Structure formats: structure tokens, C-alpha cells
Amino acid sequence: MKPDASFPLDLIRSRPHTMWRYAEALPFALDAQAPPRLTMGEGGTPLVPVVLAGRTVLAKLEFVSPTLSFKDRGAVVVVARALEEGARRLVADSSGNAGMAIAAYAARAGLACTVFVPAATSAPKLAAIRAHGAEVRSVPGTREDVAAAAAEEVEATGARYASHVYDPAFVQGTKTFAFELWEQLGAAPGSAPGTLVLPVGNGTLVLGALLGFAELRAAGVLERQPRVVAVQAAACAPLAQAFEQGSLEPAPVIPARTVAEGVAVAAPARGTEILAAVRSEGGTIVAVDDAVVEEAARLLARQGLYVEPTAALPAAAVLDGLVFDDATGPIVVPLAGAGLKSAG
Ligand SMILES: *Cc1c(COP(=O)(O)O)cnc(C)c1O
């Protein structure tokens, strides 16, 4: 939490439609040099209606981002911090989108970058990471094995670990997702979704969004908290299972394959924190089957929105009847990653 975060609307509205318009709530001095050097206009994503199972919900088009996913919000803050602190080389680990975002901002910063990825990472994501000049190291095994390989490299070489999971700077970027929803829904004390349906794997969007709404409330510009429905893929749902069992820790799971590869995290490092945060705000964590995810992706594409399967997860929860209408505000789903990321 940035204790002195403030939201001066007149100033905010005088600035470009990027996440940097909330400068007074971001962890940089207003005259810091790194953000203006690195920004590619991340944030400021559109909010458009879509129809799912006869209901109109608002989709926030996070795939309209420089590297086509919401990870740009976090990556730009992580890399700007690294640049300010004199880092020369970054190491990241990712199932794809975070690696792509870190590689892009590292390129912009002129920093060397190595990205550890699971062997199953999609070809277009690998091509993009390499195109940005980063080195790709493919690691067999689980998502956790990939993280361990990255940690070893950091230990051995002294490179900076630009982790979307562990680096606290990352959620300082993703929290702007909440600020934008507040502003797009009217920037009034009641301007928040009724229900916010979010994908959850490592929790960088869930934790960031909850942090963002908490800061808006602490600053006195918002008086409500949206109900959060966090969504996992049924084939790999340690958080949804823990939630159902009333457990404080992620449930042990043996992950099966899922089309929602971006949330297939069997042992989320910040799982306990995610469970506590969602519970304390009266939210819930659910799981959906791949067939529903694929149907949701198809329905979105038929409405003009081509997203990768992982990005259809929140819409799938709506389709599956797991999200209820709330009189206090609209249902909002992010569309977190572009369809071309998984094609090929
Ligand atoms: C990263 C990502 C997610 C999951 O975010 P977590 O931080 O792992 O919870 C979901 N969808 C897309 C498209 C992503 O890139």
C-alpha cells in the first residue's frame, strides 16, 4: 500500500490515457527519469460491453497493451525500478506473457535479459521474447522447476530477479487496473464494478486489483469494494480447492493439462496471501472446465474479441453460472491476453 497515494482528478484528467496518469499513487518521484524513458503507453485499456449467456458484462481489454497482455503494467514498474537501482542484467521466469513483457521493457531499458520458460510455452511467445533480444532457456518439468532454475541463475550470477511473482514492484503496476475501472465507471465514491471476475494463477492481477481498490478507499475517493470472483482452470486449481475446503494454504494438486496455460500454477508462491486477501474482501475462488473456457473464447471471438484461452477464463465463469448479478455495479471481466499469443 502506498500510504500517501492520492487521486487528484483534475491533474489525472489532464494527462494521457496511460497508467502513468495516476502518478501520485505510483512508487516513483514525480520527476523520476526511468518511467518516461521506458513507457510504451501501457494502461488506458478500453472497457466494452460483451454478451455472455444473455447477460451484458463489461470487458476490459487488457490485451490492448504493448506486448498484448496486462503484464505490461507490472513489467514496466519492475524494469523502471531495476534501471533506477543500477541493474545490468535481468532474469525472469514465466509461462510466457510475463517473460514477453519483461523482455520488451528490458530491451527498451538497454538491459540484458534471460527468460526461463516451461518447455510447453507457445511458439509465438518464444519468438517475441527472442525478438526483443532476450535469451530464452527452456526448462523441462513443472512451473515450479522453471522458477527454481531462474532462482539458481540469480544466485550464481548476481543478475537481478525481475520476478512478476516475488518483486513487490509488479503489483504496484497491476494496481492501476483498479484505478482505471474506478475512473472509467465515473470516478465517484460508488464507481466500482459490482462483481469483478479475475483470472488467478500466481495472483498478480488479483493482488494488484485488491491493492488498487484498497488505495482508492484509503484515499477517500471510493466507498465500495467490488466483490471479487477469482477463477482457475479446473485441471489445476489449488486455490479454488483450498477455498472450497476452507483451507488457509493452497491445496496440493497434481496438475493436468489445460488450455488455460497462463494460470496453470500448481503451487502458487503467494497462495496463502491470495486466499487471505480474497476472503477478507468477501470474494470467492472458483474453477471452470476447459470446455467452458473454449466456448467462452469462441463467443468472445464472435463478438470481435480474439483472446488466448487463458484470457477467456473470467468470461467462462460467467458462462458457467458462477457469477451473480449485483445491484451495486456492473460485472467486469478482463480479457488479459491476445489470441495471437497462442496461435500457431
Ligand atoms: C499472467 C496471466 C494470467 C494470470 O495472472 P496471475 O498473476 O498468474 O494470477 C491470466 N491471464 C493471462 C492472459 C496472463 O497473462
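Residues numbered from 1 in each chain as written. Predicted model: local features only at pLDDT ≥ 70, side-chain atom pairs only at ≥ 80, totals over all residues. Heavy atoms only, no water.

Colleague: Tell me what's going on with the pattern of salt bridges, and back it up with residues and numbers.
Modeller: Taken as a whole and judged by the stated rule, the model has 17 salt bridges. The salt bridge partner of Glu-85 is Arg-160, with a shortest N-O separation of 2.7 Å. Placement of the pair is Glu-85 in the loop between helix H3 (71-84) and strand S3 (89-93) and Arg-160 in strand S6 (residues 160-161), with a sequence separation of 75 residues. Here Arg-143 ties to Asp-93 by a salt bridge, and the two come within 3.3 Å at their closest N and O atoms. Of the two residues, Arg-143 is situated in helix H6 (residues 143-157) and Asp-93 in strand S3; the sequence distance between them amounts to 50 residues. Here Arg-143 and Asp-93 have matching classes, each one buried. (Salt bridge = Lys/Arg side-chain N within 4 Å of Asp/Glu carboxyl O. Helix = DSSP H or I, 4+ residues; strand = E, 2+ residues; numbered from the N terminus. Buried < 20%, exposed > 50% of the residue type's maximum accessible area, 1.4 Å probe, protein only.)

Colleague: Just give me the short version of the site of the ligand, but keep the residues and values in it.
Modeller: Taken together, the neighbourhood of the ligand is formed by 16 residues, with Lys-71, Asn-97, Asn-202, Gly-203 and Thr-204 sitting nearest. Asn-97 places a side-chain nitrogen or oxygen 2.7 Å from an oxygen atom of the ligand. Separating an oxygen atom of the ligand from a backbone N or O atom of Gly-201 is a distance of 2.8 Å. When the ligand is considered free in solution it has 380 Å² of accessible area, and contact with the protein chains removes 97% of it. If you map the ligand onto the pockets, it falls in the largest pocket. Taken together, the residues of the shell around the ligand break down into 6 nonpolar, 8 polar and 2 charged. (Near = heavy atom within 4 Å. Polar contact = N/O pair within 3.5 Å; in protein donor to acceptor, adjacent residues only side chain to side chain. Areas by Shrake-Rupley, 256 points an atom, 1.4 Å probe, with all protein chains shown as cover. 1 Å grid on protein atoms, 1.4 Å probe; cavity = no way out; pocket = protein on both sides within 12 Å on 5 of 7 lines; lining within 4 Å. Sits in = over half its atoms within 2 Å of the grid points. Nonpolar A, V, L, I, M, F, W, Y, C, P; charged D, E, K, R; others polar.)

Colleague: Break down the sheet that holds strand S7 (residues 195-199) for me, citing the residues and quoting the values.
Modeller: Spatial strand order, S1-S2-S10-S7-S8-S9: 6 strands in an open sheet with mixed pairing. Each edge of the open sheet carries a strand with a single partner, namely strand S1 (47-52) and strand S9 (284-288). Taking each pair of neighbouring strands and ignoring which way they run, the sheet shows an average axis angle of 30°. (Pairing = 2+ DSSP bridges. Axes fitted to C-alpha atoms, helices over the stretch in contact; angles between N-to-C directions.)

Colleague: Lay out the packing of aromatic side chains with the relevant residues and their values.
Modeller: Scanning all chains against the criterion turns up 5 aromatic pairs. Here Phe-7 and Trp-182 contribute two aromatic rings whose centre-to-centre distance is 5.8 Å and whose plane-to-plane angle is 65°, an arrangement assigned as edge-to-face. Taken together, the residues Phe-7 in the segment before helix H1 (9-13) and Trp-182 in helix H8 (residues 176-184) connect sequence positions 175 residues apart. Centroid distance Tyr-22 to Phe-179: 5.4 Å. Interplanar angle 65°. Geometry classified as edge-to-face. Taken as a pair, Tyr-22 in the loop between H1 and helix H2 (34-38) and Phe-179 in helix H8 lie far apart in primary sequence, 157 residues in all. Neither Tyr-22 nor Phe-179 differs from the other in exposure class; each is buried. A connected cluster of aromatic rings, assembled from ring pairs, spans Phe-7, Tyr-22, Phe-179 and Trp-182. (Phe/Tyr/Trp six-rings, centres within 6.5 Å; stacked < 30°, edge-to-face > 60°.)

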